[in-house]
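Okay, here's what each chain looks like letter by letter:
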Amino acid sequence: MTTIVIGAGIGGLTAAALLLRAGQRVTVLEAHVYPGGSAGTFYHKGYRFDAGATLAGGFAPGGPHARLAELLGLAWPITPVDPAWVVHLPDGRTVTQWADAAAWQEERRCAFPAAEPFWRRQERLADISWDISSRPFPWPPRSAGDLAGLALALRPRTVGALPYLTRTVADMVDGNDPHFRTFLDAQLLISAQTTADYAGALYGSAALDLPRRGVNHVHGGIGALARTLVDWLRANGGEVLYRQRVERIEVGRAGQAAIVHTTRGLSLAADVVLANVTPWALAGLLGPDAPAGLRRDVAGLQPTWGAFTLYLGLDGAALPPGLPDHHQIIVDPNRPLGEGNSVFLSLSPTDDPERAPAGMRAATLSTHTAVEPWWHLCDGPDEAAYRVRRNAYAERLLAAAERAMPRLRAAVRLCLPGTPVTFQYYTRRPMGMVGGFAQTSLFAARGPQTGIDNLWLVGDSIFPGQSTAGVTLGAMRVATEVLRSSA
């Protein structure tokens, strides 16, 4: 059995490793010169910058990365982070997201004393959600086998989650503290791609619990997770080929994906194809062979978020001593989040010399942004308007970051901006969309099926979506289904 994986993101590499371990012949085709995609790390002028994600979870016992490491017999290059990050509220207060449960409980009581009933509900639902996810969880179910797998994953305590299946995080909030709602919305936007009014209660509760479940620095940048998987694949007989951008998936007479073609003239026959891409990209690779259901799906989808990012090289001596490495800054509570009004700032650790030249620090600033306006300007008649907007967003992010790190600009020695246009160029994601779909309802979750029996989606487009932990869970589900269907 030969499996071709399109894209060396965490989801594609995870599924590839599990299928190789099960005895399949596996080849991964990656368009870029390094793996990881949106969770990759690129090198520039002595710095290693995380392209998108800067923190990773899921390494605690029972977590998806921990389970994968046990299955493959590998070790991740990680160090736990505490505090996870510091949230800077618009009124000047800070809320520290401690990983230590007792420290977090004291912190939240001081910041939001009336919100304890919410946190008790949130923690109970998060415990249920994380417990279920620690076992095979084929959601959404598509077959009798999936339903049987779900039944095995459930426990008596799961019944306590039933009243929340159709509720949102906002439904769990008592009172009307605007600062608390701003805090919740900002956390959910980075972990569920939406805010409390729309985030599903079960998914949102688990997402809010991420700092307590453990977040980690990855030595050498978050791309080292993907490099660890690539090394394992190659050491165990798999192939990972760079600079091989797939341009077409050929569907044979039997209606199955048969041959994968790249822009460099490589054509590989496949029994199974896994596409670590978005639905839009998959429809483009299939062209006229795209199933009608996939075409209808893509035609009805709204674009997901993009990101505007600044990659900074900073003089370490100009930074305040003892500063936490990660900060979330919210500027104006009366404006929607994203678009520079909420910014995430990550500094490279001082004890990771691979990330920056001696005495320097690498930093990533990012904000959610709608993708369409960037493309309207980029494709329009006035290219200068695109540059003006890019420069304005850079100033907006720097101004926000200085709320957490005064005089940040004085420390800047290198500044690289990235827009959705940049992300499409480097990651090949259509329109530069990143982060996956908003997690608004379990009943709207996307499965890995594509309408072609031997062609599967992996990555952040399928449940449970964004984050390296999320795409790992999804990839584990896909590998299980591939093996079951080929048995």
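Whatever comes next refers back to the structure up there.
Figured I'd write up the structure that's included with this text.

## Re the overall build of the chain
Then step 1. Counting its regular elements, the chain contains 16 helices and 20 strands.
Then step 2. For 487 residues, the compact-globule estimate of 2.2 N^0.38 gives 23 Å, and the chain sits close to it at 22 Å.
Then step 3. In terms of its C-alpha atoms, the chain occupies a principal-axis envelope of roughly 65 × 55 × 45 Å.
Then step 4. A burial count over the chain gives 56% of its 487 residues as buried.
Then step 5. Taking as baseline every contact in the chain between residues at least 6 positions apart, the subset at least 24 positions apart corresponds to 71%.
Then step 6. Carbon and sulfur atoms make up 54% of the accessible area of the chain, which amounts to about 19800 Å² in all.

## Side note on the pattern of salt bridges
Then step 1. Counted under the stated rule, the structure contains 17 salt bridges.
Then step 2. E402 serves as the salt-bridge partner of R409, at 3.2 Å between the closest nitrogen and oxygen.
Then step 3. When the shortest N-O distance is used, the salt bridge between D460 and R429 registers 3.0 Å. Of this pair, D460 sits in the loop between β20 (455-457) and α16 (468-486) while R429 sits in the loop between α15 (420-427) and β20; the two residues are 31 residues apart in sequence, bridging distant segments of the chain. Like R429, D460 is buried.
Then step 4. Three or more residues are tied together by salt bridges with common partners; here these are R108, R109, E116 and E123.

## Thoughts on the sheet that holds strand β2 (residues 25-29)
Then step 1. In space, the 5 strands of this open sheet follow the order β10-β2-β1-β14-β20, with parallel pairing throughout. Of all strands in the sheet, those bounded by a partner on one side alone are β10 (239-241) and β20. When the angles between neighbouring strand axes are averaged without regard to direction, this sheet yields 20°.
Then step 2. Two strands pair when backbone bridges link them, and β2 and β10 are joined in this way by 3 bridges, in the parallel orientation. Within β10, the residue paired with V28 across the bridge is V240.
Then step 3. Together, β1 (2-6), β2 and β14 (272-275) form the strand contacts of helix α1 (residues 10-21), whose direction differs from that of β2 by roughly 165°.
Then step 4. Set on the sheet, helix α10 (residues 279-286) makes contact with β1, β14 and β20; between it and β20 the angle comes to about 155°.

What counts and what doesn't
- Residues numbered from 1 in each chain as written.
- Predicted model: local features only at pLDDT ≥ 70, side-chain atom pairs only at ≥ 80, totals over all residues.
- Heavy atoms only, no water.
- Helix = DSSP H or I, 4+ residues; strand = E, 2+ residues; numbered from the N terminus.
- Rg over C-alpha atoms; globule rule 2.2 N^0.38 Å.
- Buried < 20%, exposed > 50% of the residue type's maximum accessible area, 1.4 Å probe, protein only.
- Contact = heavy atoms within 4.5 Å.
- Areas by Shrake-Rupley, 256 points an atom, 1.4 Å probe, with all protein chains shown as cover.
- Salt bridge = Lys/Arg side-chain N within 4 Å of Asp/Glu carboxyl O.
- Pairing = 2+ DSSP bridges.
- Axes fitted to C-alpha atoms, helices over the stretch in contact; angles between N-to-C directions.

In short, geometric facts, not functional conclusions.
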